[in-house]
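Structural overview
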Amino acid sequence: MDATILMLLLQDGVVNGAIYALIALSLVLVFTVTRVILIPQGEFVAFGALTLAAFEAGTVPGTVPLLLALGAAACAADLVEARHALDARRILRIALRDLVLPGAVAALAYALGPGKPTLALGIALTLAIVTPMGAYLHSIAFRPLEKASVLVLLVAAVGVHLALTGLGLVFFGAEGSRTPPLSDAMLPAGPLSVSGQSLWMIGLTLAIIVALWAFFGLTLLGKALMATAVNRLGARLMGIGPGMAGRLSFSVAAFIGALSGVLVAPLTTIYYDTGFLIGLKGFVAAIIGGLASYPAAAAAAVLVGIIESVAAFEASAFKEVIVFMAIIPVLLWRSARADPVEDEE
Amino acid sequence: MRQSLLAALGLLLVAALPFVPGVPPFWFTLLNYAGLSAIVVVGLVVLTGIAGIMSFGQAMFVGIGAYATALLSLHLGLSPWLSLPVSLAASGLAALVIGAITLRLSGHYLPLGTIAWNISFFYVLGNTDALGRYDGLSGLPPIVLFGFPLVESRHLFALIWVCVALSILVTQRLLRSRTGRAIRALKGGVIAAEAFGVDTGRTRIVAFVYAAMLAGLSGWLYAHMQRAINPTPFGLNASIEVLLMTVLGGAGSVWGGVFGATLVTLLKDQLQNVLPLLLGAQGNFEAIVFGILFVLILQRAPDGLWPLLTRRATPLPPHHPAPAAPLAPRPAEPPGRVLLDAAGLRKTFGGLVAVNDIDFSVKAGEVVALIGPNGAGKSTTFNLVTGVARLTAGRVRLFDRDVSGEPARAIARLGIARTFQHVKLVGGMSVIENVALGAHLRGRAGPVRGALGLDGAEEAAIFAEARRQLARVGLAELADRPASSLALGQQRIVEIARALCLSPALLLLDEPAAGLRFREKQALGDLLRQLRRDGLGILLVEHDMDFVMGLADRLVVMNFGAKLCEGPPVAVRTNPAVVEAYLGSAA
Amino acid sequence: MKRLVWALSLTGALVAFGAAAQPIKIGVTISKTGPAASLGIPQSNSVPLMPAQVGGQPVEWIVLDDASDTTKGVANIRKLASDDKVDAVVGSSITPVSLAMIEVAAEAKVPMITIAASSKLIAPMDDKRRWVFKTAQNDSLMAEAIVGHMVRAGVKSVGFIGFNDAYGDGWLAEMTPRLDAKGIKLVATERYARTDTSVTGQALKVMAAKPDAVLVAGSGTPAALPQKTLKERGYAGKYYQTHGVANADFLRVGGKDVEGTILPAGPLLVAEQLPESNPVRKVALDYTKAYEAKYGPGTLATFGGHAFDASVLLASALPVALKTAKPGTPEFRTALRDAIEGLKEVVYTHGVATMSPSDHIGQDERSRVMVTIENGRWKLLSPTN
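Residues numbered from 1 in each chain as written. Chains lettered and ligands numbered in written order. Predicted model: local features only at pLDDT ≥ 70, side-chain atom pairs only at ≥ 80, totals over all residues. Heavy atoms only, no water.

As recorded in an unreviewed UniProt entry, chain C goes by Leucine-binding protein domain-containing protein and comes from Methylobacterium isbiliense. Here is the UniProt Sequence similarities (unreviewed entry) comment for chain C, exactly as written: "Belongs to the leucine-binding protein family." (UniProt positions renumbered as here; feature names shortened; annotations may be inferred.)

In the nomenclature of an unreviewed UniProt entry, chain B is known as Vitamin B12 import ATP-binding protein BtuD of Methylobacterium isbiliense. Quoted verbatim from the Subcellular location (unreviewed entry) field of UniProt, the annotation for chain B is "Cell membrane".

So, in structure tokens, the structure goes:
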């Protein structure tokens, strides 16, 4: 391996790491607020990429009717949840959020979809379709389980992942898709050439890290959101119910997922089941970051990306073995550092 | 009772099935797969539901068992029966090695660690020539029983479900045994278990190895049922599926696990049959409907379906070994012998000095009380003496032996027992089982003896001892209640019975009278006086001054981590510094 | 418990219902979901195009999904054999699942026509494989074609990038000795997973070895990624693909980066370019028309043809078997097996098959053509090119 190849591998690792980082950030966000390890995060990525690809092909993707169905189910779930304190305003709010919003998005999609919308419009539609799904999934699947153990929440997340992957196959078929890049530019940088797309990718990842860090570290709302995981009463006093905290964090996760999908789809082919493995790598990064720190998770994600890239060069058949065995020592190190001696409640 | 009734009914149904004419043969195939999963799930119940160790790697151990027997029977022509022990040993050994590395992981690091192993295992299988790479190994011989090859599903059915029944039986035995109590105690907190001499690290490995061996058994059966194996059934997805089964059925009990495995297997098959009829279209809807159904069931039954069906919270029904003589008590120490001698104890957390150069001692036949306002460092001192917290400086001598820096379980071995300020009982265990955990160091039986039921005499003696101690503290009639159902004050008393079960020379009680009513306090005082007469040394932290003054021989008063004074109650009561710092404000 | 009872009684009802009719029953187990879904979906789509009647006898096709999973595949064939009492089984889509199914097919003495790739499924012939037939071209037949083309094109060294699964393994195993025999050096063997988002490492490794040509052994759209990456890195040698990519989606995703790629394929792929004299042309065009009429233009994938070809074999053999025994009996299954083994010159969408006791695929050169990609379309190459 000479220096040029090493540079190319590092570049590849960083770009891949950026995808994992975006997933890791969402996982950290959702976990700190709701204690759910969001296995379906990878599905948001795939849905984002494939929805955009469908618009590019001039069709209306299956995610549009799915959005309507999820909205309707979430409406029912929200009404049941709020049955003890239902008034006209509340019903109106739920109906607006769960029925009118997806209805409007779907109407736009059906109106614009068949006419091959421009790339920017397609991206906007895609984000508008996938983002609310986060909130609806929270209302339908996780809100009723908010008191359950982390194990049960994790397993429920696996259930949601199975259902969404199955739907992905029905909507998009088994074959993959690509989308046109946001930028065709190729910038020479010494022996490397950097594509405009990968700069978009890395830049947006950094922006999201900074935004999340600022939101949770600096704003009162962010701090209150973090607090819901440990102290529900305190958060409620701040005017944030666990329902809202959950919807908000899930929606942000879905948004980041769809955005990552849009960013990655021009770089590689995305399949209905791509989400699981990249979700897993994001999970690795999130865990190495202790499911708490955004910069640590992002750094770990880039590390995973680089190990993967170098392993693909050195021993491609054993790439996953190398990646996953490499994380065991890291886990041991993290675990030893984080080890709580006392298990006082 | 409903649990055993349902379980018995279920097993009976299964056992009767081969004798019912006209049963479609595929039912047997399906139930065979359910049985294979059930065996893995039973292990996972022990591991995840009971020991609290989340594993995403069980399919890997199934694979190790399957590949071990496949290699032996293909290359050496060994009969499957001869390769069975090798399969079990290979899975167990792999778990031992992997566990030794991975089980140190805490929290979420552990599930991820098991995922990492399982994924790596899959790719190693797929890229190893000797294991047939991705195509795997085929042409394995069937299992032959009395000269009769078990090829058809109907015939294998009996063998597989006998294995399921045996797994349940052995697991129930194991969980009831001395090792099993230690495994179940893992969920009640590592500290309490270690304080009674349980090596929790080793216990976690025992649970891990046991679950892996059950998985290996399943793998052995799988290999000779399919007669062809390849990496796919041993990948991460398969591990996730058995975890789903476990949680859906109810991870808290073995029966729940078996129920979950059967239900999921049948449900998935039925969905494939029924959905095309319902939806009127061929499609790939099974996974979607299964995922949705799964989440909905969890919402109705977050602890799994089995507890919902049986309305039972504890994993095991009450257990009554034959009456026996209690264990022989430890010979009493001569009165006045120094049991505990602490010198210059110091503990700092960062810049904060929690305990500042404390000296005191406890002799046999003496009650010493450690008092002081909240935050004075009493409980930390307790933890330093019992090896729960690490000393920053100072020295602890027990029976003239320097034990500074030794772990809690080594100190327990010397005959030191304690209770906790925050009660640490195992909620799902009955009161008597919690008390019996105190006698952990007085038994010898290991996991093998326990699982095979060869520990009867010892268990009977331990339970007799536990019953005796429970009677001594006046809670004999609550023996079979789940510990979590008791009032907090009663739970504190149960902790004392558990501590007594260790037959200690020195007893350390952390606020034993908190939450007790007047009469209960009187009874507790009487008990402690009786123990003092028996020659025990007692160190207690207590807030109730009346209780302490009437009982203690000596008081050690702490304030802001430092010792304020020491002496008999009368002297302390009149010490101006003490009055100032503590009694004054209380009076 | 209630749920369980409900589920059990439902199975009973379904089974009773199934037992009432008495047509010829053919079980089909296909990977409609899971990693091999891109093969399984067109195969399962082909089932409605299969004949509903043969020799005046109604044929019932029972389709099950094995989710690309061995356990499920074996359970399916057990169900089909023991409960549905099928007279033959078609499937599965991939080699590992099919390999495991052989055990059950031989045990239940049900003829099985696999539509997976590896020649391991039917060779070496033994007591169990007696029951197994095959329609998808052996990877050995295709490998030979590629090596032949490489020799003609003067390729001296080859880099290999294949799926890290049974498909990639099969190709590597078939290519290695054939390249060796022709003195072509295999200078790099790299593997990747279907859903990998980047194969840059593998591409760089291959390029560092400077091969004259690269063979990508993958199926469907995932096979485009290595080629696109190599193009992006500026690799200028020849590109070969396998017949696993022969569907429209590969062209859609590959775009201009896959222009000029050379691959062997079944004649179905370029049916309309075959000479009128080729008997395969008509069968293949008929199937294409029927398929695209049902699922839309441009939806054809050659994998579906393998499943359809299994039905062609059965339709030719069933009338022979019907003469000696009644459907649903062990005798019929044996007769059907013998009849398939005796088939001569059966024309189907992927060539012409002539079975024998030692050859259970029966294909020859007529089952493969060399194809290239020109202007985003498949183009038949002349045999000497």
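Focus on the interface of chain C and chain A
Each partner contributes to the interface: chain C provides 31 residues, whereas chain A provides 28 residues. For the chain C and chain A pair, buried surface summed over both sides reaches about 2500 Å², with 51% attributable to carbon and sulfur atoms. Together, T195, T197 and L204 of chain C form the three largest contributors to the area buried by chain C at its contact with chain A, with a combined 23%. Inspection of the chain C/chain A interface yields two salt bridges. The closest approach of N and O atoms between R194 of chain C and D273 of chain A, which form a salt bridge, is 2.3 Å. Of all elements in the fold, only α2 (37–46), β8 (185–192), α7 (200–208), α8 (224–232) and α9 (248–254) of chain C reach the threshold of two or more residues within the side of chain C that touches chain A. Counting residues per element, the side of chain C that touches chain A draws most heavily on α7 of chain C, at six residues. Considering only residue class, the side of chain C that touches chain A consists of seven nonpolar, 14 polar and 10 charged. (Contact = heavy atoms within 4.5 Å. Buried area = accessible area lost by both parts, 1.4 Å probe. Salt bridge = Lys/Arg side-chain N within 4 Å of Asp/Glu carboxyl O. Helix = DSSP H or I, 4+ residues; strand = E, 2+ residues; numbered from the N terminus. Nonpolar A, V, L, I, M, F, W, Y, C, P; charged D, E, K, R; others polar.)

Here's the deal with helix α18 (residues 456–472) of chain B
All names here are of chain B. In this model α18 runs 24 Å from its N-terminal to its C-terminal C-alpha over 17 residues, within 8% of the 24 Å that 1.5 Å per residue would give. Every buried residue of α18 is listed here: E458, E459, A460, A461, I462, F463, A464, E465, A466, Q469 and L470. In this structure, the buried residues of α18 make contact with α6 (153–176), α7 (178–185), α16 (431–437), α17 (447–452) and α19 (488–500). Positive backbone phi, approximately 85 degrees, marks G474, located one or two places after α18. (Expected span 1.5 Å × (residues − 1). Buried < 20%, exposed > 50% of the residue type's maximum accessible area, 1.4 Å probe, protein only.)

So, the interface of chain A and chain B
Size of an interface, as often reported, equals the accessible area lost when the parts are brought together. Taken together, the contact between chain A and chain B spans 49 residues of the former and 45 residues of the latter. Counting the contacts that link chain A with chain B gives zero salt bridges. Inspection of the region where chain A meets chain B yields four residue pairs in polar contact (both at pLDDT 80 or more). Of all elements in the fold, only α5 (119–142), α6 (150–172), α11 (274–288) and α13 (319–338) of chain A reach the threshold of two or more residues within the side of chain A that touches chain B. When residues of the side of chain A that touches chain B are assigned to their parent elements, the largest contribution, 15 residues, is made by α6 of chain A. (Polar contact = N/O pair within 3.5 Å; in protein donor to acceptor, adjacent residues only side chain to side chain.)

Concerning the sheet that holds strand β3 (residues 57–65) of chain C
Residues and elements named next belong to chain C. Judged by pairing direction, the sheet is mixed, and its six strands sit side by side in the order β2-β3-β1-β4-β5-β6 without closing on themselves. Across the chains shown, the open sheet's two edge strands, defined by having one partner strand only, are β2 (53–54) and β6 (132–134). As judged from the three bridges shared by strand β5 (residues 112–114) and β6, these two strands associate in the parallel manner. Directly across from I113, in β6, lies its bridge partner F133. (Pairing = 2+ DSSP bridges.)

Structural notes on the nonpolar core
By size, the foremost hydrophobic cluster in this structure holds 252 residues, and its most contacted members are F142 of chain A together with F61, W161, L221, I229 and F234 of chain B. In terms of residues, this core owes the most to one element, helix α2 (residues 25–50) of chain B, which gives 18 residues. Non-local contacts of F142 of chain A, meaning those with residues more than four positions away in its chain, are made with V36, L137, L153, A156, A157, V160 and F250 of chain A together with Q299 of chain B. Of all hydrophobic cores here, the second largest spans 75 residues; its members include V63, V253, A317 and F332 of chain C. (Core = buried A, V, L, I, M, F, W, Y, C linked by side-chain atoms within 4.5 Å.)

Let's talk about the domain arrangement of chain B
Residues and elements named next belong to chain B. For chain B, the assigned domains are domain 1 (26–235) and domain 2 (338–586). Spacing between the C-alpha centres of domain 1 and domain 2 amounts to 41 Å. Opposite the 22 residues of domain 1 that make contact, domain 2 presents 37 residues. If you sort the residues of domain 1 by the area they bury against domain 2, R178, R181 and F196 come out on top, with a joint share of 36%. There are six residue pairs in polar contact (both at pLDDT 80 or more) connecting domain 1 and domain 2. Elements supplying a minimum of two residues to the side of domain 1 that touches domain 2: α6, α7, α8 (190–195) and α9 (200–226). Element by element, the count of residues in the side of domain 1 that touches domain 2 is highest for α7, at six residues. Looking at the side of domain 1 that touches domain 2 residue by residue, the classes come out as 10 nonpolar, four polar and eight charged. (Domains from an automatic or database assignment.)

Some thoughts on the pattern of salt bridges
For the structure shown, the criterion picks out 52 salt bridges over all chains. One salt bridge in this structure joins R498 of chain B and E495 of chain B, with 3.0 Å as the shortest N-O distance. Separated by three residues within a single helix, R498 of chain B and E495 of chain B lie in helix α19, roughly one turn from each other. You'll find R498 of chain B and E495 of chain B in the same group, each marked buried. Between E144 of chain C and R178 of chain C there is a salt bridge, and its shortest N-O distance comes to 3.4 Å. Taken together, the residues span a long stretch of sequence, with E144 of chain C in helix α5 (residues 139–152) and R178 of chain C in helix α6 (residues 166–181) at a distance of 34 residues.

Describing the packing of aromatic side chains
Residues and elements named next belong to chain B. Going through the model one piece at a time under the given rule, you end up with 20 aromatic pairs over all chains. Taking 5.0 Å as the distance between ring centres and 75 degrees as the angle between the ring planes, the aromatic pair formed by F28 and F157 counts as edge-to-face. Of this pair, F28 sits in helix α2 while F157 sits in helix α6, and the two are 129 residues apart along the sequence. When its relative accessible area of 0% is taken as the criterion, F28 is described as buried. Classification of F157 as buried rests on a relative accessible area of 3%. An angle of 55 degrees between the planes, with centres 5.4 Å apart, marks the rings of W81 and W220 as tilted. (Phe/Tyr/Trp six-rings, centres within 6.5 Å; stacked < 30°, edge-to-face > 60°.)

Observations concerning helix α4 (residues 95–108) of chain C
It helps to recall that an α-helix has 3.6 residues per turn; residues three or four apart then point in one direction. Residue and element names in this part refer to chain C. Taking 1.5 Å per residue as the helical rise, α4 with its 14 residues ought to reach 20 Å, and the 20 Å between its terminal C-alpha atoms agrees with that figure. Bending of α4 peaks at approximately 30 degrees at the position of M101. Among the 14 residues of α4, 12 are classified as buried, and the element is accordingly described as predominantly covered. Along α4, the residues classified as buried are T95, P96, V97, S98, L99, A100, M101, I102, E103, V104, A105 and A106. (Bend = angle between axes of the 7 residues up to and from the residue.)

Topic: the pairing of strand β5 (residues 338–349) of chain B
Regular strands place side chains that alternate from one sheet face to the opposite one. Residues and elements named next belong to chain B. Both β5 and strand β6 (residues 352–363) contribute to a ladder of eight bridges, which runs antiparallel. For L345, the partnering residue across the bridge sits in β6 and is I358. Hairpin connection of β5 to β6: two residues between the antiparallel strands, including G350 at a positive phi of 60 degrees. Pairing geometry for β5 and strand β8 (residues 393–398), over five bridges, is antiparallel. In the sheet register, R346 faces β8, and the bridge partner there is A393.

A few points about the UniProt feature "transmembrane region" (unreviewed entry) in chain B
Residues and elements named next belong to chain B. With numbering matched to this structure, UniProt assigns "transmembrane region" (unreviewed entry) to residues 26–47, 59–78, 84–102, 109–126, 156–175, 205–223, 243–267 and 274–298. Across residues 26–47 one finds 100% helix and 0% strand; the C-alpha atoms that close the span lie 32 Å apart. Across residues 59–78 one finds 85% helix and 0% strand; the C-alpha atoms that close the span lie 24 Å apart.

Quick notes on the UniProt feature "domain: Leucine-binding protein" (unreviewed entry) in chain C
The positions UniProt marks with the feature "domain: Leucine-binding protein" (unreviewed entry) are residues 23–360 of chain C. Here residues 23–360 of chain C is 43% helix and 18% strand, with 26 Å between the C-alpha atoms at its ends.

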